[in-house]
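Residue-level structural notes
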Amino acid sequence: MRYVVLVSHGRLACGLHSALDMLAGEGREDILSAGLENGMGADTYAQKLGECLGAVGQEDEILLFGDLVGGSPLTTAADVIAKKGLLKQTVMFGGMSLPLVLSAVLMKDGMELRELPGVLIPEAREELKEFRITGEDSEDDI
């Protein structure tokens, strides 16, 4: 199986996981998430990640998304994945967003693991736009 794993400071990863349930289907076993809670030590978080990744086996692949490049959740997850011997079948991203992870979930099984960054990153960049409302409301529209 190819897993999408979300890691973050606080509850961002769990919140994105919840949004993915709404948009990509609830109860998917291929989406995993773990947040580093305030005051949680690195060892405790590593243990939490190990439990989160418990179902991932040597034949599986991982798309790992972290909130910040070089942040503790992403680097700790990379370490846990390396200790499980899964680093060669893992692609990691920093700076996750809902459009990025939704695209990953929907596209992940349609192409090779190493091809995904070349498609996902430009698509995610394209999704970041300013939202403007150009018309002014008149009293007649109310």
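These lines cover the structure that appears in this document, whether it is placed above or below. Just so we're clear, the structure is a prediction, and the values are computed from it rather than from any experiment.

How each quantity is defined
Residues numbered from 1 in each chain as written. Predicted model: local features only at pLDDT ≥ 70, side-chain atom pairs only at ≥ 80, totals over all residues. Heavy atoms only, no water. Helix = DSSP H or I, 4+ residues; strand = E, 2+ residues; numbered from the N terminus. Contact = heavy atoms within 4.5 Å. Areas by Shrake-Rupley, 256 points an atom, 1.4 Å probe, with all protein chains shown as cover. Lys, Arg positive; Asp, Glu negative; His and termini not counted. Charge placed at Lys NZ, Arg CZ, Asp CG, Glu CD. Pairing = 2+ DSSP bridges. Axes fitted to C-alpha atoms, helices over the stretch in contact; angles between N-to-C directions. Expected span 1.5 Å × (residues − 1). Buried < 20%, exposed > 50% of the residue type's maximum accessible area, 1.4 Å probe, protein only. Disulfide = S-S within 2.5 Å. Right-handed = clockwise from strand over helix to strand, strands pointing away. Polar contact = N/O pair within 3.5 Å; in protein donor to acceptor, adjacent residues only side chain to side chain.

1. Let's talk about the overall build of the chain
Check the secondary structure of the chain and you find five helices and four strands. Seen in sequence order, the chain has helices and strands lined up from the N terminus as β-α-β-α-β-α-β-α-α. C-alpha atoms of the chain, sized along the principal axes, occupy 65 × 40 × 30 Å. Intrachain contacts of the chain at a sequence separation of at least 6 include 75% that bridge at least 24 residues. Total accessible area on the chain stands at roughly 8,400 Å², and carbon and sulfur atoms take up 51% of it. Across the chain, the centroid of the 12 positively charged side chains sits 10 Å from that of the 24 negatively charged ones.

2. Quick notes on the sheet that holds strand 1 (residues 2-9)
As summarised here, the arrangement of the four strands in space is 2-1-3-4, forming an open sheet in which the pairing is parallel. Among the strands making up the open sheet, the edge pair consists of strand 2 (31-36) and strand 4 (90-94). Across the sheet, the mean angle separating the axes of adjacent strands is 15° when strand polarity is ignored. Examined bridge by bridge, strand 3 (residues 61-66) and strand 4 share five bridges and lie parallel to one another. Paired with Gly66 across the two strands is Gly94, which belongs to strand 4.

3. As for helix 1 (residues 12-24)
Residues lying three or four places apart along an α-helix face the same way, a consequence of the helix completing one turn every 3.6 residues. For helix 1, with 13 residues, the first-to-last C-alpha span of 17 Å sits near the 18 Å given by 1.5 Å per residue. Buried residues along helix 1 sit in contact with strand 1, strand 2 and helix 4 (98-107).

4. Considering helix 3 (residues 72-83)
Look at helix 3: 16 Å from first C-alpha to last across 12 residues, which is about the 16 Å you get at 1.5 Å a residue. Inspection of helix 3 places Pro73, Leu74, Thr76, Ala77, Ala78, Val80 and Ile81 among the buried residues, and these make up the whole buried set. As for helix 3, its buried residues are in contact with strand 1, strand 2, helix 2 (42-52), strand 3 and strand 4. After helix 3 finishes, the residue Gly85 shows a positive phi value of roughly 75°.

5. With respect to the state of the cysteines
A full pass over the atoms with the stated rule returns zero disulfides. Take Cys14: it sits in no disulfide, and the sulfur closest to it among the cysteines is that of Cys52, at 8.6 Å. Relative accessible area serves as the criterion here: at 35%, Cys14 is assigned to the partly exposed category.

6. Comments concerning the pairing of strand 3
Extensive coverage of strand 3 is indicated by the burial of five of its six residues. In this sheet, strand 3 lies alongside strand 1 in parallel orientation, the contact comprising six bridges. Note that in strand 3 the partner of Val5 across the bridge is Leu64. Of the crossover connections in this fold, the one passing from strand 3 over helix 3 to the parallel strand 4 is right-handed.

7. Description of the side chain of Ser8
Relative to the elements of secondary structure, Ser8 occurs in strand 1. For Ser8, a relative accessible area of 0% gives the class buried. From its side chain, Ser8 meets the backbone nitrogen of Leu12 in a polar contact 3.4 Å long. If near-sequence neighbours (up to four positions away) are discounted, Ser8 is found in contact with Ala13, Ala34, Gly35, Leu36, Tyr45, Asp67, Pro73 and Met96.

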